[in-house]
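Examination of the molecular architecture
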Amino acid sequence: MERSRSNGGEHVNNAYDSTLDEPPHYEEASRAVRPSVVSAFGHDTLDRVPNIDFYRNAGSVSGHRAVRPSLQELHEVFQKVRISVPDTVADDGEGSSGTPYDPDLESAVPIDKGGVKFGWIRGVLVRCMLNIWGVMLFIRLSWIFGHAGWGESGLLCCHLKTDILSFSVCVCVCVAGLGIVVIVLSCVVTTITGLSMSAICTNGVVRGGGAYYLISRSLGPEFGGSIGLIFAFANAVAVSMYVVGFAETVVDLLKDNDVLMVDEINDIRIVGCITVVLLLGISVAGMEWEAKAQIVLLIILLVAIVNVIVGTFIPVTESKKATGIFNYNSKIFLENFTPDFRHGETFFSVFAIFFPAATGILAGANISGDLRDPQAAIPKGTLLAILITGVTYLGIALCVSATVVRDATGNINDTVTPGVPCTGPSIAACELGYNFSSCAETECEFGLINNVQVMTLVSGFGPLIIAGTFSATLSSALASLVSAPKVFQALCQDNIYKILHFFAKGYGKNNEPIRGYILTFIISVAFILVGDLDTIAPIISNFFLASYALINFSCFHASYAKSPGWRPAYKYYNMWLSLLGALLCCVVMFVINWWAALLTYGIEILLYIYVTVKKPDVNWGSSTQAVTFVSAVGNALSLSGVNDHVKNFRPQILALTGGARNRPALLDLAHSFSKNYGLCLTCEVFVGPRSEALEEMNSGMERNQLWLRKTKRKAFYAAVACDEFRQGAESLLQASGLGRMKPNTLMIGFKRNWRTAGTEGVQTYVGILHDAFDFEYGTLILRMDQGLDVSHLVEAEGQYENFSGIIKHLLTFIKYCTGFRVALCAPPTPQVAKMNEKLLEASAQFKKKQPKGTIDVWWLFDDGGLTLLLPYILTTRKKWKDSKLRIFIAGQPGRSDLDKQEMKSLLQKFRINCTDINVIDDIHIPPRADRKLDDMIEPFRLHEESKDSAPWKITDEELSTFEEKTNLQIRLNELLQENSKSANLIVVSMPIARKGVSDFLYMAWLDILTKDLPPTLLIRGNHKSVLTFYS
């Protein structure tokens, strides 16, 4: 409880020289003059002007960070001899939390190793456009608009709201076609996600890891770790999907030319594996080569797109007309206006087919570590890519809708013949001279709905479309092959999944994840060889959508928390729009495939639980922390407006344990009372010179709280520094807690050394009990025969840890030189070793499961029910479930049965079960003659014939006045020895420390009452009811 001096644990600040304690003397020659300070103030000063280097994280990859003087150094500057504050300090390889290399270096400036860094065009815009422009553009887009149409008449209602009024306007429009809705809705989802991502990535420096980095730093490692793994896996499998798409196109060409190598399936596997090997070679060669390949593929893709548009203006031949392709015609455009879903297709099924084409918006963000300025590049490149690709999809779709009919036979002889009716699905073709009426009876091979190669037929030069298809598939595969290892490497560097840390290592100037490339290669080849890609495709799409949903939710969550640290430079976002985007992503997941959506949620929840249980030792200042804090403040405020009620009483424990590790038995028992449902404070008072006490207290705050968290004690550590121990304890009793969440019960260990502690020590101890009663605290005193304090063992352990490294090296050297084995330290004497062993065993007594036995409750005085409530709470804990309650009460001779019945009735009303009720009707009998108490108090007696005038001593008059009280304690100990010697825990009503009773006499009462017993807990409530039998 009391720390009277500072030993070890000093807070060392490299920016401060505290070696001597003399009057101030500045050695200007030893200090570098800082021009910025001198020019600002006209003289040099220990203070520093604001500078970005002060805000860099510890563990910066730059190797150095600037250090500002601490407040203590400035405050005590004239107490020191030399002040020498370096401008920077070299990092020792540890982060601020003491953990090895922290990868979250938000403020660090990376070392320039000559690696390639991309701007927003090559790094983001090009990659996103290539990923979004997939094979969908050339193969499925015409099919989608054939089913959905490009327009549909309807009533469009717009709700307009201003700061003054709101109103709705409804107009008849004919531009909201289902085909357009498919593209626009996809763009809405991706645009909202892009806005959310822009806000997140401009709220601080962005490092490598893309979507994983953004989500983990916003929502924390639980969300980031779960989505990061499945996002990296999705990219790895996406490589195989894109490569198989490329291989199928190649095999179709081989089949058309009758040059198959084996058969279609095996040829796809062969071409796919060869393609992946080539792509892997490009990726491993470095980002520069990969970027050059992307530029070449982009040029091919742009030429293919232009080829389609140019082809719609070239006069068509008769053979093309037979396949349903004409030049621009308003009749065709109007005929394709309305939807015409066939073969069970619906709007949602068509949308599910198209949306995966829009899932490439993270291609640029995924290589965030390779961008020159990711904060500027990601928003600009991603949003512009969404705009360009969205307009491209819409433009080409409308061009095709205005030039191609839905059904055509492909027969140039199917022309309009006079007298033969021309009906069917393609009326516009009739007016253009072609009769495709047979398509109403039998399925035709050509037209928007029937032929997926419409783009090739429409284009000016068909082979360019095949080249564009190759470009689209290969560029998407290459982007995914780069993205998966980059994201996976960032995840592994954070060491959230320790088993995967092997893949964190990077190579070369760009820190290339070679191991990640190889793993991605293995996964993609495996799925090419044995994977059912048609089945896994919706799962991969849902994995991407889950990432988008969490990006949107991250933006909403951070905005909702209103943390002062949420200051994105990108202002064009809205928290509710981000929430809408997250919900839209979730809905789209079920639209694409409901079972894949459920599987995605299931995997994410399992990974979330795993990371939560493992509790990775990271602290990224997530919005989850901010929302938790806001909720805690809100709940505390709401509690403060509600009066306490006896039904909701909980023991809120303030335990004077000293350091969190000093009295484990006391802390464990206190924790058993509060568990996860009440407040438990483990408190320490530092006594001594203010400067030393404050320094030691500040250095121990984080260390003690960390120990509590690691040992799963749900408690808070609090400490105060005072000149006197009682003054510090009084401060804790008065000021601890917040609102209604404040302690109501003091728990303290019994002072075993009261006879040798001196007058001041005893007066302080009993004075704390008086203060607790004055402040209306319930009071608990725990006594264990072996003692509670293990601080000397903790201190020895700390010294061993501090010096063991040096000593081990020294002993190794001695052994090497002499050939003798040397013990690390001399063993303690057998007696001391045995005492320490018993003490350690006793200190862990309440940490382990209690054996079958009893908790004996001696409820002698009504204190409001706390003496009964606390042992009952113990029986509800898992560790104490085998301990049954036995109640002992004082009774009058001759009416024991009546007293027992009354207590039984009372317990039934309180709904507290016990195995036995014992009425002790012989408490009033004088105790056996024993001089133990007399021996205890003899050194503190003030006899009548004595000339000593010490006011704290026990006078003969006082002893005579409280003779019955004294005898009662002795008699109770005799009864406790007879009835409760084998109990797991004894709970006894504590005699009150009445003012006017000498402190030594009161300590003697407590000592004789609890002497030679199992663990004994003295309890005295504040005499306010904590039990009720009303509902």
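Here the residue index of a chain counts from 1 through its sequence in written order. Predicted model: local features are reported for residues with pLDDT of at least 70 only, side-chain atom pairs are reported and counted for 80 or more only, and whole-chain, interface and lining totals are derived from all residues. Excluded from the side-chain calculations are hydrogens and water; all other atoms, namely the structure's heavy atoms, are used.

Details of the overall build of the chain
Starting at the N terminus, helices and strands are each numbered in turn, a helix being any DSSP run of H or I of at least four residues and a strand any DSSP run of E of at least two. Helix and strand counts for the chain come out as 33 helices and 17 strands. Exposure classes here rest on a 1.4 Å probe applied to the protein chains alone. A residue is buried below 20% of its type maximum, exposed above 50%, and partly exposed in between. The proportion of buried residues among the 1031 residues of the chain is 49%. Taking the intrachain contacts of the chain between residues at least 6 apart in sequence as the baseline, contacts between residues at least 24 apart amount to 80%. Element-wise, carbon and sulfur atoms account for 59% of the exposed surface of the chain, whose accessible area totals about 49500 Å². Two residues form a contact once any of their heavy atoms are found within 4.5 Å. Note on areas: Shrake-Rupley, 1.4 Å probe, and residue coverage restricted to the protein chains presented here.

Some remarks on the packing of aromatic side chains
Whether two aromatic rings pair depends on their centres lying within 6.5 Å, for rings of Phe, Tyr and Trp, where Trp uses its six-membered ring; planes under 30 degrees apart make the pair stacked, over 60 edge-to-face, and the rest tilted. Under the counting rule described, the total for this entry stands at 30 aromatic pairs. Taken together, a centroid distance of 6.1 Å and an interplanar angle of 70 degrees make the contact between phenylalanine 233 and phenylalanine 527 edge-to-face. Taken together, the positions of phenylalanine 233 in helix H7 (residues 221-256) and phenylalanine 527 in helix H17 (residues 514-530) put the pair 294 residues apart, joining distant regions of the chain. An angle of 75 degrees between the planes, with centres 5.7 Å apart, marks the rings of tyrosine 570 and tyrosine 572 as edge-to-face. Overall, the relative accessible area of 66% leaves tyrosine 572 in the exposed class. Ring-pair connections join several aromatic residues into one group, and the members of that group are Phe347, Phe348, Phe351 and Phe355. Only Lys NZ and Arg CZ are tested; either one counts as a charge over a ring when it is within 6 Å of the ring centre and within 35 degrees of the ring normal. Positioned above the aromatic ring of tryptophan 620, the side-chain terminus of arginine 217 is 3.8 Å from the ring centre. The positively charged end of arginine 515 is found above the aromatic ring belonging to phenylalanine 502, 4.0 Å away from the centroid.

What about the state of the cysteines?
A pair of sulfur atoms, both from cysteines and within 2.5 Å, is called a disulfide here. One pass over the structure, following the stated rule, counts one disulfide. There is a disulfide in this structure between cysteine 439 and cysteine 444, and the S-S distance comes to 1.8 Å. Torsion about the S-S bond of the cysteine 439 and cysteine 444 cystine: about -105 degrees, corresponding to left-handed handedness. When sorted by exposure, cysteine 439 lands in the same class as cysteine 444, which is buried. In this structure cysteine 680 is a free cysteine whose sulfur lies 8.6 Å from that of cysteine 683, the closest cysteine sulfur available.

Details of the nonpolar core
Residues Leu141, Leu362 and Tyr393 are the most contacted members of the largest nonpolar core, which totals 134 residues. Top element by residues in this core is H7. It accounts for 14 residues. In this structure, tyrosine 393 is in contact with Ile132, Trp133, Gly134, Met136, Leu137, Leu141, Ile183, Phe354 and Ala357, ignoring residues within four places of it in sequence. Throughout this description, the term nonpolar core refers to a set of buried Ala, Val, Leu, Ile, Met, Phe, Trp, Tyr and Cys residues connected via side-chain atoms within 4.5 Å. Counting residues in hydrophobic clusters, the runner-up holds 57 residues, among them Leu732, Ile920, Leu933 and Leu1006.

A short note on unusual backbone geometry
A negative phi angle is the norm for most residues apart from glycine, just as the trans form is the norm for most peptide bonds. Despite not being glycine, asparagine 495 shows a phi value in the positive range, around 60 degrees. Relative to the helices and strands, asparagine 495 resides in the loop between helix H16 (462-493) and H17. Classification of asparagine 495 by relative accessible area gives partly exposed; the value is 24%. Its identity is not glycine, yet lysine 562 carries a phi of approximately 55 degrees, on the positive side. Locating lysine 562 in the fold gives a position in the loop between helix H18 (533-561) and helix H19 (575-592).

Looking at the side chain of asparagine 336
Looking at where asparagine 336 falls in the secondary structure, it is placed in the loop between helix H11 (330-335) and helix H12 (347-354). With relative accessibility at 0%, the residue asparagine 336 sits in the buried group. If sequence neighbours within four positions are ignored, asparagine 336 has contacts with Gly149, Trp150, Ser401, Val404, Arg406 and Leu448.

Observations regarding empty space enclosed by the protein
Cavity and pocket criteria rest on a 1 Å grid covering protein atoms alone: a 1.4 Å probe that fits but cannot get out defines a cavity, protein on both sides within 12 Å along at least 5 of 7 lines defines an open pocket, and an atom within 4 Å of a point defines a lining residue. Grid points are joined across faces, edges and corners, and a volume is the space filled by probe spheres set on the points. Enumeration over the complete set of coordinates arrives at five cavities of 30 Å³ or more. For the largest cavity, the calculated volume is near 80 Å³. For the lining of the largest cavity, the secondary-structure elements that each account for two or more residues are helix H5 (178-201) and helix H13 (374-401). The classification used treats Ala, Val, Leu, Ile, Met, Phe, Trp, Tyr, Cys and Pro as nonpolar, Asp, Glu, Lys and Arg as charged, and all other residues, Gly among them, as polar. Of the residues belonging to the lining of the largest cavity, the class tally is eight nonpolar, four polar and no charged. Counted as a void, the second largest cavity has a volume near 60 Å³. Around the second largest cavity, the lining residues are Asn131, Phe231, Asn235, Tyr242, Thr359, Gly360, Leu362, Ala363, Asn366, Ser480, Phe544 and Tyr548. Only H7 and H18 provide two or more residues apiece to the lining of the second largest cavity. It is H7 that contributes the most residues to the lining of the second largest cavity, three residues altogether. Among the residues making up the lining of the second largest cavity, the classes are represented as six nonpolar, six polar and no charged.

Some details on the confidence of the model for the chain
Confidence of the predictor in every single residue is expressed as pLDDT, which spans 0 to 100. Per-chain confidence: the chain averages 80 in pLDDT, with 83% of residues scoring 70 or above. Per-residue pLDDT stays below 50 along residues 152-176; that stretch engages in 36 contacts with residues further than four places along the chain or on separate chains.

Some details on H7
By this rule the span expected of a helix is its residue count minus one, scaled by 1.5 Å. With 36 residues, H7 should reach 52 Å at 1.5 Å per residue; the first-to-last C-alpha distance of 52 Å fits that figure. Looking one or two residues beyond H7, the residue adopting positive phi is aspartate 258, at roughly 55 degrees.

Notes on the packing of helix H24 (residues 725-735) against helix H25 (residues 758-774)
For every element, the axis is a line fit to its C-alpha atoms; helices are fit only across the contacting stretch, and the angle between N-to-C directions ranges from 0 to 180 degrees. Between H24 and H25, the shortest axis-to-axis distance is 9 Å and the interhelical angle comes to 20 degrees. In terms of orientation, H24 lies roughly parallel with respect to H25. Here the hand of the crossing between H24 and H25 comes out right-handed. Residues Phe725, Arg726, Ala729, Glu730 and Leu733 of H24 pack against Gln763, Thr764, Gly767, Ile768, Asp771 and Ala772 of H25. Grouping the amino acids of the contact of H24 with H25 by side-chain chemistry returns five nonpolar, three polar and three charged. For classification purposes, an angle smaller than 35 degrees is called roughly parallel, one larger than 145 roughly antiparallel, one from 65 to 115 roughly perpendicular, and anything else oblique. Note on convention: the crossing is left-handed when the near helix lies turned anticlockwise from the far helix by less than a right angle, right-handed when the turn is clockwise.

Quick look at H25
Over its 17 residues, H25 runs 24 Å from end to end, which matches the ideal 24 Å to within 8%, given 1.5 Å per residue. The complete set of buried residues in H25 reads Val762, Thr764, Tyr765, Val766, Gly767, Ile768, Leu769, His770, Asp771 and Ala772.

Some points on the environment of valine 310
Along the chain, valine 310 falls in helix H9 (residues 287-311). Sequence separation of valine 310 and glycine 460 is 150 residues, and the distance between their C-alpha atoms is 6.2 Å.

Brief notes about a positive patch on the surface
For patch building, the residue pool is restricted to those with more than 30% relative accessible area and no salt bridge; the joining distance is 9 Å between like charges and 5 Å between nonpolar side chains (Val, Leu, Ile, Met, Phe, Trp, Tyr). One speaks of a salt bridge when a side-chain nitrogen belonging to Lys or Arg is within 4 Å of a carboxyl oxygen belonging to Asp or Glu. In this tally, Asp and Glu contribute negative charge and Lys and Arg positive charge; neither His nor the terminal groups of the chain are included. Every charge is mapped onto a representative atom, which is NZ of Lys, CZ of Arg, CG of Asp or CD of Glu. Residues Lys615, Lys712, Lys714 and Lys847 make up a contiguous surface patch of positive charge. As for its position among the elements, lysine 712 is in the loop between helix H23 (690-710) and strand E8 (716-722). For lysine 712, a relative accessible area of 63% gives the class exposed.

Observations concerning the pairing of strand E7 (residues 680-687)
Among the eight residues that make up E7, eight are buried, leaving the element largely enclosed by the rest of the structure. Because side chains alternate across E7, one face comprises the buried residues Cys680, Thr682, Glu684 and Phe686, and the other comprises Leu681, Cys683, Val685 and Val687, equally buried. Bridge count for strand E6 (residues 653-656) against E7 is four bridges, and the pairing is parallel. By the bridge assignment, alanine 655 is partnered in E7 with threonine 682. A crossover counts as right-handed when, viewed with the strands pointing away from the observer, the path leading from the first strand over the helix to the second turns clockwise. Handedness of the β-α-β unit built from E6, helix H22 (residues 664-674) and E7 comes out right-handed. Alignment of E7 against E8, held across seven bridges, turns out to be parallel. Within the sheet, the bridge partner assigned to valine 685 lies in E8 and is valine 720. In this region the chain leaves E7, passes through H23 and returns to the parallel neighbour E8; the handedness of that crossover is right-handed. Here, strands pair whenever DSSP counts at least two bridges between them.

Looking at the packing of H7 against H17
As a packed pair, H7 and H17 sit with axes 8 Å apart at the nearest point and diverge in direction by 50 degrees. On the basis of their axis angle, the class for H7 and H17 is oblique. The chirality of how H7 crosses H17 is right-handed. Residues Phe233, Ala236, Val237, Val239, Ser240, Val243 and Val244 of H7 form the contact with H17, whose participating residues are Thr520, Ile523, Ser524, Phe527 and Ile528. Of the residues that constitute the contact of H7 with H17, the class distribution is nine nonpolar, three polar and no charged.

Here's the deal with the pattern of salt bridges
Between side chains of opposite charge, a pair can form as their charged atoms come close. Applying the stated criterion to the full structure yields 23 salt bridges. As a salt-bridge pair, aspartate 774 and lysine 995 come within 3.2 Å of each other at their nearest N and O atoms. Here aspartate 774 is found in helix H25, whereas its partner lysine 995 is found in the loop between strand E16 (985-989) and helix H33 (999-1010), with 221 residues between them in sequence. The salt bridge partner of arginine 971 is glutamate 974, with a shortest N-O separation of 3.2 Å. With arginine 971 and glutamate 974 both in helix H32 (residues 963-979) and three residues apart, the pair spans about one turn of that helix. Relative accessible area serves as the criterion here: at 7%, arginine 971 is assigned to the buried category.

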